[in-house]
Amino acid sequence: MDLFSRTWTALRAAVAGLSDEDFGRPSGCTGWLVRDLVCHLIVDAQDVLITLATPSDRAPTRDALTYWDLSDTPPTGDDPLDALTVRLAAAYEDPGLLKFHLDDVGSAAGRAALLADPAGRVGTRDEILTVGDFLSAYVMEWTLHHLDLIAHLPGAQPPPAEGLARSRESLERIVGSPFPSALTDVDALLIGTGRRAPTEAEQAGLGDLAFRVPLYLG
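Throughout this description, residue numbers start from 1 for each chain and increase along the sequence as written. Two thresholds apply to this predicted model, a pLDDT of at least 70 for residue-level local features and 80 or more for giving and counting side-chain atom pairs, whereas whole-chain, interface and lining totals are computed over all residues. Derived side-chain values reflect all non-hydrogen atoms in the structure, with water molecules and hydrogen atoms excluded from consideration.

1. Topic: the overall build of the protein chain
On a plain count of helices and strands, the protein chain comes out with eight helices and four strands. A run of H or I in DSSP counts as a helix once it spans at least four residues, and a run of E counts as a strand once it spans at least two, with each numbered from the N terminus. Reading the helices (α) and strands (β) of the protein chain from amino to carboxyl end gives α-α-β-α-α-β-β-α-α-α-α-β. Only the C-alpha atoms count toward the radius of gyration. The rule for a globule is 2.2 Å times the residue count to the power 0.38. Taken over C-alpha atoms, the radius of gyration comes to 17 Å for the protein chain, in line with the 17 Å a tight globule of 218 residues would show. Projected onto its principal axes, the C-alpha coordinates of the protein chain cover approximately 45 × 45 × 30 Å. A 1.4 Å probe rolled over the protein chains alone gives each residue an accessible area, and that area as a share of the maximum for its type sets the label: buried under 20%, exposed over 50%, partly exposed in between. Looking at the 218 residues of the protein chain, the share that counts as buried comes to 45%. Per-residue and other accessible areas follow the Shrake-Rupley method at a 1.4 Å probe size, with only the shown protein chains counted as cover for residues. For the protein chain, the exposed area adds up to about 10700 Å²; of that, 55% sits on carbon and sulfur atoms. When the 17 basic and 32 acidic side-chain charges of the protein chain are each reduced to a single mean position, those positions are 3 Å apart. Only four residue types enter the charge count: Lys and Arg as positive, Asp and Glu as negative, with His and the chain ends excluded. Every charge is mapped to an atom, namely NZ of Lys, CZ of Arg, CG of Asp or CD of Glu.

2. Overview of the state of the cysteines
In this description, the term disulfide denotes a pair of cysteine sulfurs within 2.5 Å. Following the criterion strictly, the structure yields zero disulfides and no others. The thiol of C39 is not disulfide-bonded; the next cysteine sulfur, from C29, is found 12 Å away. Owing to a relative accessible area of 2%, C39 belongs among the buried residues under this scheme.

3. A closer look at the side chain of T51
For T51, the position within the fold is in helix α2 (residues 34-52). Each polar contact in these results corresponds to two N or O atoms within 3.5 Å; when the atoms are within protein, one needs to be able to donate a hydrogen and the other to accept it, and residues that are neighboring in sequence are counted only if both atoms are side-chain atoms. From its side chain, T51 meets the backbone oxygen of D47 in a polar contact 2.8 Å long. Two residues form a contact once any of their heavy atoms are found within 4.5 Å. Residue contacts for T51: discarding those within four places in its chain leaves V122, G123, T124 and F134.

4. Let's talk about a negative patch on the surface
Patch membership requires more than 30% relative accessible area and the absence of a salt bridge. Residues of like charge join within 9 Å; the nonpolar side chains Val, Leu, Ile, Met, Phe, Trp and Tyr join within 5 Å. A pair is scored as a salt bridge if a Lys or Arg side-chain nitrogen falls within 4 Å of a carboxyl oxygen belonging to Asp or Glu. On the surface, D20, E21, E93 and D94 cluster together into a patch of negative charge. Structurally, E93 is set in the loop between α3 (80-92) and α4 (95-115). Overall, the relative accessible area of 72% leaves E93 in the exposed class.

5. A closer look at helix α1 (residues 2-16)
Along an α-helix, residues three or four apart share an orientation, since each turn contains 3.6 residues. An ideal rise of 1.5 Å per residue puts 21 Å on 15 residues; α1 measures up with 21 Å between its terminal C-alpha atoms. Buried within α1 we find L3, F4, T7, W8, L11, R12, A14 and V15. Down the axis of α1, the buried side of the element spans an arc of 155°, and every buried residue falls inside it. By definition here, a helix of n residues has an expected span of 1.5 Å times n minus one. To obtain the arc, one takes the directions from the helix axis to the C-beta atoms.

6. A closer look at the pairing of strand β2 (residues 121-124)
When DSSP finds two or more bridges between a pair of strands, those strands are recorded as paired. Pairing of β2 with strand β3 (residues 127-130), which is carried by four bridges, proceeds in the antiparallel orientation. When the bridges of β3 are listed, G123 appears paired with I128.

7. So, the packing of α1 against α4
Where α1 contacts α4, the axes come no closer than 11 Å and their chain directions differ by 170°. Here α4 runs roughly antiparallel to α1, going by the angle between their axes. Only K99, L102, D103, G106, S107, A109, G110, A113 and L114 of α4 make contact with α1, whose side of the interface consists of F4, S5, W8, R12, V15 and A16. For helices, the fitted axis covers only the stretch in contact; all axes are lines through C-alpha atoms, and the angles between them, taken along N-to-C directions, range from 0 to 180 degrees. Note on terminology: angles under 35 degrees are roughly parallel, angles over 145 are roughly antiparallel, angles of 65 to 115 are roughly perpendicular, and the others are oblique.

8. Considerations on the nonpolar core
Buried Ala, Val, Leu, Ile, Met, Phe, Trp, Tyr and Cys residues form a nonpolar core when they are joined through side-chain atoms within 4.5 Å. Formed by 60 residues in total, the largest nonpolar core has its most connected members in F4, V38, F134 and L149. Of all the secondary structure elements, the ones that give two or more residues to this core are α1, α2, α3, α4, α5 (131-149), α6 (161-175) and α7 (185-192). Per-element accounting of this core gives the leading share, eleven residues, to α5.

9. Brief notes about the environment of L129
Along the chain, L129 falls in strand β3. When the C-alpha positions of L129 and T51 are compared, they lie 9.8 Å apart, and in sequence the two are 78 residues distant.

10. Focus: α3
With 13 residues, α3 extends 19 Å from end C-alpha to end C-alpha; this agrees with the ideal 18 Å at 1.5 Å per step. Taken together, the buried positions of α3 are T85, A89 and Y92. With its buried residues spanning 50° around the axis, α3 presents them on a single face. In this structure, α3 carries P80, R87 and A91 as exposed residues pointing more than 90 degrees from its buried face. The inward-facing, buried residues of α3 contact α2 and α4. E93 lies just past α3 and shows a positive phi near 60°.

Given below as structure tokens:
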């Protein structure tokens, strides 16, 4: 719960610190500008609120790791929902409105997470998770999208170190193998999720793991 709060607070603070010009820069998400990513974060915050308000008495069907749908095909940005996000982000016109909406809904999502019982069970995407597992999955979501947000913003504050370490650990468990210790947490996450290609030396260092990554999380 604490790590969810810290990574989410850091991501929202990073958005709050953006200039109007930053919203027109590319993000680390294929086909999305920074403004599109921020719009997606608003939808994410709504998902947190909706899920935490959808209790279930059924047994969990997924956990923090199996929450993710995995693909070996990179996103193209042409998915209908992705395209809708781009149109919705453009409709805001004023970046200040995007900031305000994220702060408004995002703050509510953060408070709801702090009030939730980690052992409770909730439903999302036709699956059941404990609240703790659901929020743990979102630690990776916030961390990866924080990296996406600052991908082309030199000097921007990175995600919290604890969030990077936890996300790396989660990705390693999903992949079934640790990344080489020579890779920083940031590099392991970027390479492991296909956000950047490894150098020749990094590719060689991956060994057999090179055949299992990147994985695209959905």
